[in-house]
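Reading the structure
Below, each chain spelled out in residue letters.
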Amino acid sequence: MDFVTTMLLTGTLEDKEERHGMTDIQFKAMVKMCLTIAENTKDIKEFKKLLVFPDQGYGAAFVAMLSRMADTIVSMEKVRGVLRDIMMMEGEN
């Protein structure tokens, strides 16, 4: 198989990320925005009111899980800590 055929069949990693969901930069930006909201809200109830994602894709799933997590730990400091941990995961595998 030649290079062009291989690329058309398999695509690049970036192409696959875009086809199957958010890109890494979009996810990191979303986490950063959520962290910013968390750092500027006083309680879980206020934080959850501000969590909205306009579609039903991966972003909506992330926001739904973040909201459920916030319900279970009921501490804004812990929510902030989890979001900071997610931001630091870049080099981990």
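Refer to the structure printed above.
Only a predicted model underlies this, so the values are computations on that prediction, with no experimental measurement involved.

1. Thoughts on helix α5 (residues 58-73)
Helical periodicity: at 3.6 residues per turn, an α-helix aligns residues three or four positions apart in one direction. For α5, built from 16 residues, the straight-helix expectation of 22 Å at 1.5 Å per residue is met to within 8% by its first-to-last C-alpha distance of 23 Å. Those residues of α5 that fall on the buried side of the exposure criterion are Gly59, Ala60, Phe62, Val63, Leu66, Ser67, Met69 and Ala70. Buried residues in α5 make contact with α3 (24-39), α4 (44-50) and α6 (76-88). Just downstream of α5 lies valine 74, where phi reads positive at about 45°.

2. Observations regarding the pattern of salt bridges
With the rule as written, the count across this model stands at 4 salt bridges. When the shortest N-O distance is used, the salt bridge between arginine 84 and glutamate 39 registers 3.4 Å. With arginine 84 in helix α6 and glutamate 39 in helix α3, the pair connects residues that are 45 residues apart, well separated along the chain. Accessibility expressed as a relative area gives 38% for glutamate 39, which makes it partly exposed.

Criteria and cut-off values
Residues numbered from 1 in each chain as written. Predicted model: local features only at pLDDT ≥ 70, side-chain atom pairs only at ≥ 80, totals over all residues. Heavy atoms only, no water. Helix = DSSP H or I, 4+ residues; strand = E, 2+ residues; numbered from the N terminus. Expected span 1.5 Å × (residues − 1). Buried < 20%, exposed > 50% of the residue type's maximum accessible area, 1.4 Å probe, protein only. Contact = heavy atoms within 4.5 Å. Salt bridge = Lys/Arg side-chain N within 4 Å of Asp/Glu carboxyl O.

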